[in-house]
Structures are given as C-alpha cells and as structure tokens.
Amino acid sequence: MSDTKRMVLVAAAALIDSDGRVLICQRPPGKQLAGLWEFPGGKVEAGETPEQCLIRELDEELGITVSHACLAPFVFASHTYEDFHLLMPLYLVRRWEGVVAAKEHSGIAWVKPMKLADYPMPPADAPLVAWLRDLI
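Computed from a predicted structure; not experimentally measured.

(A) Representation of the nonpolar core. Of all hydrophobic cores here, the largest spans 25 residues; its most connected members are Ile 24, Phe 39, Met 88, Leu 90, Leu 116 and Leu 132. Elements with a contribution of two residues or more to this core: strand E1 (6-15), strand E2 (22-26), strand E5 (72-80), strand E6 (84-93), strand E7 (107-111) and helix H2 (128-135).

Structure, rendered in structure tokens:
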C-alpha cells in the first residue's frame, strides 16, 4: 500500500445565471495551478459538510451569500494528483444574494457551457464541463 495517497475533499459550485452562463474563476499567481480556470469552492475543513464549506467559500471568494437550500448536488470528480487524491462534489447554484466579485482570484468569467472547454482547467475540473454542457 505504499502508493496510497491522502484523500482531499473539495466542494465546488457551478453558479448559473439567468442567461444560462456558468461562472469560472482564474487561479491567482503564486498558487498551485496558477492561471487555470476553475469552479469556485475549496477544501472541506474538519467538522464541516461540503455544503457548509461552499457557503463559506462562496462568501470568502466571491462575496455572495448562498443558502443551503440553493445548493443542488449534481455530479462529482475523482482525480489522482501526484501527492493526493481529490474528490470533488459539484453543486449547481442558481440563486444567491449579493454581487459576484473576484475577491481571491485573478479574474472571473461568465461562460456559456459550450465555451467552457475554451478555458484551460485543472485536470479534476475539466471532466465536469461535459456534464454541464449536457445539462444546460
């Protein structure tokens, strides 16, 4: 079992606006995978549910308030990186309070699902694009 990697649980959100566009965020310089585009979210902390994590992360990263009832579990990604294995549930979010702003990212973009593949994404995020393209 020497190749066993630690498991990291990350919750992510696909915010969908009234025009059917999905929000993606660009990872800032100095962070792992800098410059790539991702779905907002973050690591689930000890004692936290994925939903609690997303509510916290969306406030910290984007300055918006999301209620638990507005988080719809959709699909998940499972990806092995060099140092860890990532498990990432993706939630659909169609309602929130506040104005979305990039507080921790280099930029944000509202993108039609058919155009998401035009944005370079981390290996764990990229497979989720097909699911969103088929849904919206």
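(B) How the structure looks around the pairing of E2. Where burial is concerned, most of E2 is hidden: 4 out of the 5 residues are buried. Here E2 pairs with E7 via 5 bridges, running antiparallel. From the neighbouring strand, Ile 24 faces E7, where its bridge partner is Ala 109. Pairing between E2 and strand E3 (residues 37-38): 2 bridges, direction antiparallel. Residue Cys 25 lies in a different strand from E3, and its bridge partner there is Glu 38.

(C) Just the UniProt feature "binding site: Mg(2+)" (unreviewed entry) in the protein chain, in detail. If you check UniProt for "binding site: Mg(2+)" (unreviewed entry), the listed places come out as Gly 41 and Glu 61 in our numbering. A compact arrangement is adopted by the annotated residues: their sequence extent is 21 residues, whereas the largest C-alpha distance between any two is 7.9 Å. By secondary structure assignment, the location of Gly 41 is in strand E4 (residues 41-43). Residue Gly 41 is classed as buried on the basis of its relative accessible area, which comes to 13%. With residues up to four places along the chain from it excluded, the contact list for Gly 41 reads Ala 11, Ala 12, Leu 54, Glu 57 and Glu 61. With respect to the helices and strands, Glu 61 occurs in helix H1 (residues 50-62). Exposure remark for Glu 61: the relative accessible area of 5% places this residue in the buried category. Beyond its immediate sequence surroundings of up to four residues, Glu 61 is in contact with Pro 40, Gly 41, Ala 101, Ala 102, Lys 103, Glu 104 and His 105. Among the polar contacts listed, one links the side chain of Glu 61 to the backbone nitrogen of Gly 41, at a separation of 3.3 Å.

(D) The packing of aromatic side chains, seen in detail. Using the criterion set out here, one finds 4 aromatic pairs in the structure. With a centroid separation of 6.4 Å and 90 degrees between ring planes, the pair formed by Phe 74 and Trp 131 is classed as edge-to-face. With Phe 74 in strand E5 and Trp 131 in helix H2, the pair connects residues that are 57 residues apart, well separated along the chain. On the basis of relative accessible area, Phe 74 is assigned to the partly exposed category, the value being 27%.

(E) Structural detail: the sheet that holds E2. Taken in spatial order, the 3 strands line up as E3-E2-E7 in an open sheet, and their pairing is antiparallel. Since the sheet does not close on itself, it has two edges, and those belong to E3 and E7, each with one partner.

(F) Spatial organisation of the sheet that holds E6. With mixed pairing, the 4 strands of this open sheet are ordered in space as E4-E1-E6-E5. For this open sheet the edge positions go to E4 and E5, each flanked by a neighbour on one side alone. Taking each pair of neighbouring strands and ignoring which way they run, the sheet shows an average axis angle of 20 degrees. Judged from the 8 bridges that link them, E5 and E6 form a sheet pairing that is antiparallel. If you follow Ser 78 over to E6, its bridge partner there is Leu 87. Running over the sheet, H1 touches E1, E4 and E6 and is turned about 60 degrees from E1. Contacting E1, E5 and E6, H2 runs over the sheet at an angle of about 155 degrees to E5.

Here is what the cut-offs are and how they apply
- Residues numbered from 1 in each chain as written.
- Predicted model: local features only at pLDDT ≥ 70, side-chain atom pairs only at ≥ 80, totals over all residues.
- Heavy atoms only, no water.
- Core = buried A, V, L, I, M, F, W, Y, C linked by side-chain atoms within 4.5 Å.
- Buried < 20%, exposed > 50% of the residue type's maximum accessible area, 1.4 Å probe, protein only.
- Helix = DSSP H or I, 4+ residues; strand = E, 2+ residues; numbered from the N terminus.
- Pairing = 2+ DSSP bridges.
- UniProt positions renumbered as here; feature names shortened; annotations may be inferred.
- Contact = heavy atoms within 4.5 Å.
- Polar contact = N/O pair within 3.5 Å; in protein donor to acceptor, adjacent residues only side chain to side chain.
- Phe/Tyr/Trp six-rings, centres within 6.5 Å; stacked < 30°, edge-to-face > 60°.
- Axes fitted to C-alpha atoms, helices over the stretch in contact; angles between N-to-C directions.

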